[in-house]
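This is what each chain is made of:
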Amino acid sequence: MTSLAALKSVAASVSERDMANAIRALAMDSVQRANSGHPGMPMGMADVATVLFSRFINIDPTAPDWPDRDRFVLSAGHGSMLQYALHYLLGYEDMPIEELQRFRQLGSRTAGHPEHGHALGIETTTGPLGQGISTAVGMALAERMLAARHGADLVDHYTYAIAGDGCLQEGISHEAIDLAGHLKLSRLIVLWDDNAISIDGPTSLSTSMDQPARFKAAGWHVQLVDGHDMEAVAAAIEAARQSDRPSLIACRTVIGKGAPNLGGSEKTHGAPLGDAEIVATRENIGWAYAPFEVPDDILSAWREVAERGQAARRAWEQRLAASPRRKAFERAIGGKLPDAVFEALAAFREEHVEKATKVATRKASEMALAAINGATELTVGGSADLTHSNLTITKGMDRIVPGDYAGRYVHYGIREHGMAAAMNGIALHGGLVPYGGTFLCFADYARGAMRLSALMSQRVVYVMTHDSIGLGEDGPTHQPIEHLAMLRATPNLNVFRPADIIETAECWELALKSETRPSVLVLSRQNLPMLRQARSDENRSSRGAYVLREPSAHRAVTLIATGSEVEIAVAAAERLEREHGIAAAVVSMPCWELFEEQDADYRKSVFGSAPRVAVEAAARLGWDRWIGETGAFVGMTGFGASAPAPDLYKHFDITPEAVAAAAMKLII
Ligand SMILES: Cc1ncc(C[n+]2csc(CCOP(=O)(O)OP(=O)(O)O)c2C)c(N)n1
Ligand SMILES: [Mg+2]
């Protein structure tokens, strides 16, 4: 290895074009080696990325999590080789050239699309188009909020995103752009790879959108540049940094730039260039080096770029050491919620067991949130325009408004998908714990980003109310049926459906403590009785399911339920005992995922060996896992209907009588 000092002396003669060509060569060679991948985007955006990193971005590969670093989001995630090439060139220790040679192979850090957590410095997972730009909005919002709390000497950075035509065509971009423009997120700068090509061919096949006009209409600062004119790109980024609004820089580029025959064609989008075109490209761009070889002077020029970020990081550390806000800032970034939160929740449970408080679980959630938000400033609430239905705002929470980020409640607007992505960005940024509400039915709309919360192991809390036909009159468009099954099928996601105020507080506690897994709190619109018979210090929801009611005689049947149907199961058990002398246990099962994690002995002690009946006002899918071959299910078999909730439960036969009858059928 040549020493950096020795390299520096030759680096002076290297041009930014040479630096960009290093990206081009690494991208085309890695894709060729893998025989899979997307060379066109990295080659087209190599010039823009080089200017962005060489002149502007402050990151330090030796301290990739330094809190005040600029955030870089490759929204056009299929261009992952752009990011991997940059990481190698900048000198991230976990991105040696061998990782590029193993592009897209099992166990490599160079997955097909950038995966947060696979390699240092990947701020978010991208690939599903539109997610990156929308996640970046959350990061830029978190930056402004933390700056308002801790001051500009500790928090003062930009969020840069590279987005393609695909990202801007996706609907989620509309939500994200609108929110960012409205909130005047001036530290957000989006560089659009305006190459007018996507997979099927020219974008004119499917769009006539005037994107700059669209961004302007949403309140953005907009510039158009030639993406291969490095000085023009630099000037545009400089102007964007000065703007008091989020910025779009439309960078007109040629996809696959440098490839003499295929450049400009969709053929470079997602396939290797082929040996002959790679030879021709080397000639065309004057790259006389072997595959994966970057000459010392060019590598040195890149490594010097990293030194600028390192100096910025050191200066920041000195400011932090001298800051009176140091402790508070470090606590926030550490992400640990204070004990006071959990003490407040314990006191809350004690109080409401005593009072036997009967409220809807959405109301219980609001009451629990009042305790939580009173004990910490780290939580950031919000709702997709259903604040007074989801009950997500609590006393003393100031709103975030354009230009003033001192509050902690976000009106996300009617933008479920954008909200979920923004919450991912807030969680990824660090320093804040986001939760946000909508109706459970609209989990469908938020789904793309919810999946990424789970894939990225982020603590995001989804507050999803109006969780069944129990919402009543709004009817089948608003009544979730298959949503629980969809959410439960999602890996690394805890789905909580609490039955009463006590379980609701317990589930909130579990969600907040779940630092590497998002949670969905599934909550009722209608009032539900307090079912817990005795106070306990133990969080009984923490094992996923527990015996709520054990009959005095040997169990003849076990009734399993969640949420609002636990009350029905309890009534059914009482009826079975009273009218038929049948001993029925009731299991409340607020979280399948946590129950699945318990050992077999615990699971057996809860479920017993008697036949089982499950009751849930939702689709059956998944319940057979718990009721077994011989079990029965009482629930929904089709869409709901519009009527008062009690009428609907009768109409769809989800009643104590129906559950008792199903139980009788099993055991007689
Ligand atoms: C949500 C989503 N839909 C579809 C795809 C598949 N896909 C990957 S790249 C792409 C085309 C993107 O076009 P553009 O952003 O212009 O990229 P370019 O071809 O310019 O590199 C598509 C449809 C995806 N990754 N995500
Ligand atoms: Mg394109």
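Report on the accompanying structure. (Residues numbered from 1 in each chain as written. Chains lettered and ligands numbered in written order. Predicted model: local features only at pLDDT ≥ 70, side-chain atom pairs only at ≥ 80, totals over all residues. Heavy atoms only, no water.)

### Remarks on the overall build of the protein
Link 1 in the chain: Each helix and strand in the protein was counted, giving 26 helices and 20 strands.
Link 2 in the chain: Computed over its C-alpha atoms, the radius of gyration of the protein comes to 28 Å, within 12% of the 26 Å expected for a compact globule of 668 residues.
Link 3 in the chain: Summarising its shape, the C-alpha atoms of the protein cover approximately 90 × 55 × 50 Å along the three principal directions.
Link 4 in the chain: Relative to its 668 residues, the protein shows a buried fraction of 63%.
Link 5 in the chain: Intrachain contacts of the protein at a sequence separation of at least 6 include 78% that bridge at least 24 residues.
Link 6 in the chain: Positive and negative charge centroids in the protein, built from 64 and 81 side chains respectively, lie 4 Å apart. (Helix = DSSP H or I, 4+ residues; strand = E, 2+ residues; numbered from the N terminus. Rg over C-alpha atoms; globule rule 2.2 N^0.38 Å. Buried < 20%, exposed > 50% of the residue type's maximum accessible area, 1.4 Å probe, protein only. Contact = heavy atoms within 4.5 Å. Lys, Arg positive; Asp, Glu negative; His and termini not counted. Charge placed at Lys NZ, Arg CZ, Asp CG, Glu CD.)

### With respect to the sheet that holds strand E12 (residues 461-465)
Link 1 in the chain: Pairing is parallel across the open sheet formed by six strands, whose spatial order is E10-E9-E11-E12-E14-E13. Pairing within the sheet leaves two strands with one partner each, and these edge strands are strand E10 (409-411) and strand E13 (494-496). Sheet twist, expressed as the average angle between the axes of neighbouring strands with direction ignored, equals 20 degrees. (Pairing = 2+ DSSP bridges. Axes fitted to C-alpha atoms, helices over the stretch in contact; angles between N-to-C directions.)

### Section: the coordination of the magnesium ion (ligand 2)
Octahedral six-donor coordination of a metal ideally yields angles of 90 or 180 degrees, compared with 109.5 degrees for tetrahedral four-donor coordination.
Link 1 in the chain: For the magnesium ion (ligand 2), every protein donor is listed as Asp165 (OD), Asn195 (OD1) and Ile197 (O), and the spread of their distances is 2.0 to 2.2 Å.
Link 2 in the chain: Read N to C, the donor residues that coordinate the magnesium ion (ligand 2) are spaced as D-x29-N-x1-I. With aspartate 165 in helix H7 (residues 165-169) and asparagine 195 in the loop between strand E3 (188-194) and strand E4 (197-198), the pair connects residues that are 30 residues apart, well separated along the chain. When sorted by exposure, aspartate 165 lands in the same class as asparagine 195, which is buried. (Donors = N, O, S within 2.8 Å, 3.2 Å for Na, K, Ca; no water.)

### A word on the site of ligand 1
Link 1 in the chain: Close to ligand 1 lie 15 residues; His78, Gly166, Asn195, Ile197 and His269 are nearest.
Link 2 in the chain: In the model, an oxygen atom of ligand 1 is placed 2.8 Å from a nitrogen or oxygen of the isoleucine 197 main chain.
Link 3 in the chain: Burial of ligand 1 by the protein chains amounts to 74% of its free accessible area of 590 Å².
Link 4 in the chain: Mapped by element, the contributors of at least two residues to the shell around ligand 1 are H7 and E4.
Link 5 in the chain: For the shell around ligand 1, the class distribution of residues is six nonpolar, seven polar and two charged. (Near = heavy atom within 4 Å. Polar contact = N/O pair within 3.5 Å; in protein donor to acceptor, adjacent residues only side chain to side chain. Areas by Shrake-Rupley, 256 points an atom, 1.4 Å probe, with all protein chains shown as cover. Nonpolar A, V, L, I, M, F, W, Y, C, P; charged D, E, K, R; others polar.)

### Description of the pairing of strand E7 (residues 247-252)
Link 1 in the chain: Of all six residues that make up E7, five are buried, and the element is covered over most of its length.
Link 2 in the chain: Relative to E7, E3 is paired through six bridges, and the arrangement is parallel. Among the inter-strand pairings, aspartate 193 is bridged to a residue of E7, identified as cysteine 251.
Link 3 in the chain: In this region the chain leaves strand E6 (residues 221-226), passes through helix H10 (residues 230-242) and returns to the parallel neighbour E7; the handedness of that crossover is right-handed. (Right-handed = clockwise from strand over helix to strand, strands pointing away.)

### Some points on helix H11 (residues 275-285)
Link 1 in the chain: Within H11 the residues assigned to the buried category are Glu277, Ile278, Thr281, Arg282 and Ile285. Take H11 and look down its axis: the buried residues cluster within an arc of 145 degrees, on one side only. Opposite the packed face of H11, turned more than 90 degrees from it, sit the exposed residues Asp275, Ala276, Val279 and Glu283.
Link 2 in the chain: Check the buried side of H11 and you find it contacts helix H2 (16-34) and helix H3 (40-56).
Link 3 in the chain: Glycine 286 sits one or two positions beyond H11 and adopts a positive phi of about 70 degrees. (Arc of directions from axis to C-beta.)

### A look at the state of the cysteines
Link 1 in the chain: Taken as a whole, this structure holds zero disulfides when the rule is applied.
Link 2 in the chain: As a non-bridged cysteine, cysteine 591 has cysteine 507 as the owner of its nearest cysteine sulfur, 7.1 Å distant. (Disulfide = S-S within 2.5 Å.)

### Focus: the pattern of salt bridges
Link 1 in the chain: Applying the stated criterion across every chain, the model contains 41 salt bridges.
Link 2 in the chain: We note a salt bridge from aspartate 194 to arginine 252, for which the minimum N-O separation is 3.4 Å. Linking aspartate 194 in strand E3 with arginine 252 in strand E7, this pair joins segments that are 58 residues apart in sequence.
Link 3 in the chain: Exposure remark for aspartate 194: the relative accessible area of 9% places this residue in the buried category. (Salt bridge = Lys/Arg side-chain N within 4 Å of Asp/Glu carboxyl O.)

### Observations concerning the packing of helix H14 (residues 339-355) against helix H20 (residues 501-513)
Each packed pair of helices is defined by two parameters, the angle between the axes and the distance between the axes.
Link 1 in the chain: For the pair H14 and H20, the least separation of the axes is 9 Å and the interaxial angle reads 170 degrees. If you check the angle between H14 and H20, you find them roughly antiparallel. Touching Val341, Phe342, Leu345, Phe348, Arg349, His352 and Val353 of H14 are Ile501, Ile502, Ala505, Glu506, Glu509, Leu512 and Lys513, all from H20.
Link 2 in the chain: Across the contact of H14 with H20, the residue classes tally to nine nonpolar, one polar and four charged. (Parallel < 35°, antiparallel > 145°, perpendicular 65-115°, else oblique.)

### Remarks on the environment of alanine 321
Link 1 in the chain: When you line up the elements, alanine 321 lands in helix H12 (residues 296-322).
Link 2 in the chain: Alanine 321 sits 241 residues away from serine 80 along the chain, and the two C-alpha atoms are 36 Å apart.

### Looking at the nonpolar core
Link 1 in the chain: Counting 71 residues, the largest nonpolar core has Leu141, Trp220 and Met450 as its most contacted members.
Link 2 in the chain: Ranked by residues supplied to this core, first place goes to helix H6 (residues 131-150) with 10 residues.
Link 3 in the chain: Setting aside residues no more than four positions away along its own chain, methionine 450 makes contact with Ala420, Ala443, Tyr462, Met464, Leu487 and Val520.
Link 4 in the chain: Among the nonpolar cores identified, the runner-up in size contains 63 residues, and Ile23, Met45, Tyr92 and Leu191 belong to it. (Core = buried A, V, L, I, M, F, W, Y, C linked by side-chain atoms within 4.5 Å.)

### Quick word on the packing of aromatic side chains
Link 1 in the chain: A complete count under the given rule lists 16 aromatic pairs for this structure.
Link 2 in the chain: The ring centre of tryptophan 592 lies 3.9 Å from the NZ or CZ of arginine 488, which sits over that ring. (Phe/Tyr/Trp six-rings, centres within 6.5 Å; stacked < 30°, edge-to-face > 60°. Lys NZ or Arg CZ within 6 Å of the ring centre and 35° of its normal.)

### Quick word on the environment of methionine 530
Link 1 in the chain: Structurally, methionine 530 is set in the loop between strand E15 (527-528) and strand E16 (546-549).
Link 2 in the chain: Beyond its immediate sequence surroundings of up to four residues, methionine 530 is in contact with His352, Val353, Ala356, Thr357, Asp500, Ile501 and Ile502.

### Describing the side chain of threonine 281
Link 1 in the chain: Its place among the elements puts threonine 281 in helix H11.
Link 2 in the chain: A polar side-chain atom of threonine 281 sits 2.6 Å from the main-chain carbonyl oxygen of glutamate 277.
Link 3 in the chain: Dropping the residues within four chain positions of it, threonine 281 is found in contact with Met28, Met43, Gly258, Ala259, Pro260 and Leu273.

### Quick look at the packing of helix H21 (residues 565-580) against helix H26 (residues 656-667)
Link 1 in the chain: Orientation of H21 relative to H26, taken along the N-to-C sense of each, is 60 degrees, at an axis distance of 8 Å. On the basis of their axis angle, the class for H21 and H26 is oblique. Considering how the two elements wind past one another, H21 and H26 form a crossing that is right-handed. In this structure, H21 uses Ile568, Ala571, Ala572, Arg575, Leu576 and His580 to contact H26, whose residues at the interface are Pro656, Glu657, Val659, Ala660, Ala663 and Met664. (Left-handed = near helix turned anticlockwise from the far one by under 90°.)

### Brief notes about the sheet that holds E7
Link 1 in the chain: The five strands are arranged E1-E2-E3-E7-E6 in an open sheet whose pairing can be described as parallel. Looking at strand neighbours, the two that pair on one side only are strand E1 (71-74) and E6, the edges of this open sheet. The average angle at which neighbouring strand axes cross in this sheet is 15 degrees, direction not considered.
Link 2 in the chain: Two strands pair when backbone bridges link them, and E6 and E7 are joined in this way by six bridges, in the parallel orientation. Bridge pairing links histidine 221 to serine 247 in E7.
Link 3 in the chain: Packing of H6 onto the sheet brings it into contact with E1, strand E2 (159-163) and E3, and relative to E2 it is tilted by some 170 degrees.

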